[in-house]
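Results of the structural survey
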Amino acid sequence: MKHLLTILLAVTFSLQAYAGSSSATFNQAGFSINVLDSEASNAGSQPLMMMMPALNGFSANVNVQIQPYPGSLEDYKKLSEAQFVQMGLITISSSENGNEIHWEYSGNMQGKNMHFYSKAIKVGNLFYLATGTDLESNWPKTSNKIKSVINSFTTK
């Protein structure tokens, strides 16, 4: 009986641990991996970075950052767009929807003509920012995939 109880407890704890874990599945690349998840903090973080195979010497990528910012959505938008100007980037489009902002922008960074697509979501005093980046010359080939990933970004 004691042995059976030990087995039942072990199975119960294993199932609880399994049920609480999340994984990311990359069907086209042929693998999955448990996510390295932690709570958002006021220190900010970059919990996710995904890259595509290099094309013309650059790997298109999508990253997610969590940024502490107590201001309003409009304040965050103004600050971000001022930073775009400061870096010499040109805003192609921007739109707001509820607690979200979408941007598309481009410009030269470190000698490369780049194209960006972003979505920021305000949650409390944090902004969750997903950004997709590629060379301007690659953008016609990769933009649909990058935009689809960024547009799928949500918070809970």
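To be clear, the structure that these remarks concern was listed above.
Residues numbered from 1 in each chain as written. Predicted model: local features only at pLDDT ≥ 70, side-chain atom pairs only at ≥ 80, totals over all residues. Heavy atoms only, no water.

**Structural notes on the environment of leucine 55**
Relative to the elements of secondary structure, leucine 55 occurs in the loop between strand S3 (45–51) and strand S4 (61–68). It is 8.8 Å that separates the C-alpha atoms of leucine 55 and leucine 135, two residues lying 80 residues apart in sequence. Ignoring any residue separated from it by four or fewer positions in sequence, one finds leucine 55 in contact with Leu135, Asn138 and Lys141. (Helix = DSSP H or I, 4+ residues; strand = E, 2+ residues; numbered from the N terminus. Contact = heavy atoms within 4.5 Å.)

**Re the packing of aromatic side chains**
The description of an aromatic ring pair rests on the distance of the ring centres and on the angle between the ring planes. Scanning the entire structure with this criterion turns up eight aromatic pairs. Centroid distance tyrosine 76 to phenylalanine 127: 3.8 Å. Interplanar angle 5°. Geometry classified as stacked. Here the residue tyrosine 76 occupies a position in helix H2 (residues 73–86), and phenylalanine 127 occupies one in strand S8 (residues 126–135), the gap between them amounting to 51 residues. Across this residue pair, the class does not change: tyrosine 76 and phenylalanine 127 are buried. Ring plane angle 80° and centroid distance 5.6 Å describe the contact between phenylalanine 84 and tryptophan 103, whose orientation is recorded as edge-to-face. Here the residue phenylalanine 84 occupies a position in helix H2, and tryptophan 103 occupies one in strand S6 (residues 100–109), the gap between them amounting to 19 residues. For the pair shown, phenylalanine 84 and tryptophan 103 are each scored as buried. Site record: aromatic cluster; members linked through ring pairs are Tyr69, Tyr76, Phe84, Trp103, Tyr105, Phe116 and Phe127. (Phe/Tyr/Trp six-rings, centres within 6.5 Å; stacked < 30°, edge-to-face > 60°. Buried < 20%, exposed > 50% of the residue type's maximum accessible area, 1.4 Å probe, protein only.)

**Some points on the sheet that holds strand S7 (residues 112–123)**
The strands making up a sheet associate through backbone hydrogen bonding, with each pair oriented either parallel or antiparallel. Taken in spatial order, the six strands line up as S3-S4-S8-S7-S6-S5 in an open sheet, and their pairing is antiparallel. Only two strands of the sheet have a single partner each, and these edge strands are S3 and strand S5 (90–97). Direction aside, the axes of adjacent strands within the sheet are offset by 15° on average. Strand direction decides the pairing type here: S3 and S4, joined by five bridges, are antiparallel. The partner of serine 45 across the bridge, within S4, is isoleucine 66. In the packing of H2 onto the sheet, contacts are made with S4, S5, S6, S7 and S8, and the angle to S6 comes to roughly 10°. (Pairing = 2+ DSSP bridges. Axes fitted to C-alpha atoms, helices over the stretch in contact; angles between N-to-C directions.)

**A few points about the pattern of salt bridges**
Oppositely charged side chains can form a pair if their charged atoms are brought close together. Enumeration according to the criterion identifies three salt bridges in this entry. With a shortest N-O distance of 3.9 Å, glutamate 100 and lysine 119 are connected by a salt bridge. With a gap of 19 residues between them, glutamate 100 in strand S6 and lysine 119 in strand S7 connect regions that are remote in the sequence. For the pair glutamate 100 and lysine 119, one class covers both residues: buried. In this structure, lysine 147 engages glutamate 104 in a salt bridge whose closest nitrogen and oxygen atoms are separated by 3.4 Å. One end of the pair, lysine 147, is in helix H3 (residues 139–152); the other, glutamate 104, is in strand S6, with 43 residues separating them in the sequence. For lysine 147, a relative accessible area of 25% gives the class partly exposed. (Salt bridge = Lys/Arg side-chain N within 4 Å of Asp/Glu carboxyl O.)

Structural measurements only, silent on function.
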